[in-house]
Amino acid sequence: MQKLTGLIKEVAATLGNQYTLILIDDSWCIYRDLGNGYDIEINMSKTRKYPLNVTVYVWQIRDKLRVIEKIDEIREIEDLKYVLAGIVTKTNKLATNRNKVYKPILQTF
């Protein structure tokens, strides 16, 4: 199991309280449930010190569990914040479009 380092704690704190630390496949990751059928996993297993070497996974958790996007080698915290903001916007659009398709059929009697 990977050790929980001060660097990953620092990055998680910088990202804000909507991100949590979680152990995934024996590696500490930064995690966020977007509440729209998608999750973000931030893996820093290749990072020991600055500059960062971060991989971001976007998981679809509704209907079928799968990775829908992977962004590698993010080196700066500001770049990471920019990528994460884009993912939130993109997944909100995907969720809105998905909800239009999956509207329940109302029965009238």
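Now for a quick tour of the structure. These numbers were taken from a predicted model, which means no experiment stands behind them. Along each chain, residue indices are assigned from 1 in the same order as the chain's sequence is written. Reporting of local features is limited, given that this is a predicted model, to residues whose pLDDT is at least 70; pairs of side-chain atoms are given and counted only at 80 or more, and all residues count toward the totals for whole chains, interfaces and linings. For the side-chain quantities, the full set of heavy atoms in the structure was used; hydrogens and water were omitted.

1. Considerations on the overall build of the protein
Then, in step 1: Put simply, DSSP H or I for four residues or longer makes a helix, DSSP E for two residues or longer makes a strand, and each gets a number counted from the N terminus. Tallying secondary structure elements over the protein gives two helices and five strands in all.
Then, in step 2: Ordered by position from N to C terminus, the α and β elements of the protein give α-β-β-β-β-β-α.
Then, in step 3: Every one of the 109 residues in the protein was classed for burial, and the buried ones make up 36%.
Then, in step 4: For the protein, the proportion of contacts with a sequence separation of at least 24, taken over those separated by at least 6, is 38%. For the exposure calls, accessible area comes from a 1.4 Å probe over protein chains only, and a residue counts as buried if that area is under 20% of its type's maximum, exposed if over 50%, partly exposed in between. Here a residue-residue contact requires only that any non-hydrogen atoms of the pair lie within 4.5 Å.

2. Section: the pairing of strand E4 (residues 54-60)
Then, in step 1: Counting buried residues along E4, five of its seven residues qualify, which places the element largely inside the surrounding structure.
Then, in step 2: Two strands are said to pair when DSSP picks up at least two bridges between them. For strand E3 (residues 38-43) and E4, the ladder comprises six bridges, and the chain directions are antiparallel. For Ile 40, the partnering residue across the bridge sits in E4 and is Val 58.
Then, in step 3: As judged from the six bridges shared by E4 and strand E5 (residues 66-74), these two strands associate in the antiparallel manner. Considered in E5, the bridge of Gln 60 is made with Arg 66.

3. Quick word on helix H1 (residues 6-15)
Then, in step 1: For H1, every residue scored as buried is listed here: Leu 7, Ile 8, Val 11, Ala 12 and Leu 15. For H1, the buried positions fall inside an angular range of 135 degrees around the axis, keeping them on one side. Residues of H1 that are exposed and point more than 90 degrees away from the buried face comprise Gly 6 and Ala 13.
Then, in step 2: Among the residues trailing H1, Gly 16 stands out with phi positive, at a value near 115 degrees. What the arc measures is the spread of directions leading from the helix axis to the C-beta atoms.

4. Re the environment of Tyr 19
Then, in step 1: Within the secondary structure layout, Tyr 19 lies in the loop between H1 and strand E1 (20-24).
Then, in step 2: For Tyr 19, a relative accessible area of 8% translates into the label buried.
Then, in step 3: Setting aside its immediate chain neighbours within four residues, Tyr 19 contacts Ile 30, Tyr 31, Arg 32, Ile 40, Ile 42 and Leu 84.

5. As for the sheet that holds E5
Then, in step 1: Taken together, the five strands give an open sheet; going across it, the order is E1-E2-E3-E4-E5, and neighbouring strands pair in antiparallel fashion. Both outer strands of the open sheet, E1 and E5, are each paired with one neighbouring strand and no more. When strand polarity is set aside, the average angle formed by the axes of neighbouring strands in this sheet is 30 degrees.
Then, in step 2: Note on definitions: angles span 0 to 180 degrees between N-to-C directions of axes, and those axes are lines fitted to C-alpha atoms, for helices only across the stretch in contact. The strands touched by H1 within the sheet are E1, strand E2 (27-33) and E3, with E2 carrying the most contacts at an inclination of about 10 degrees.

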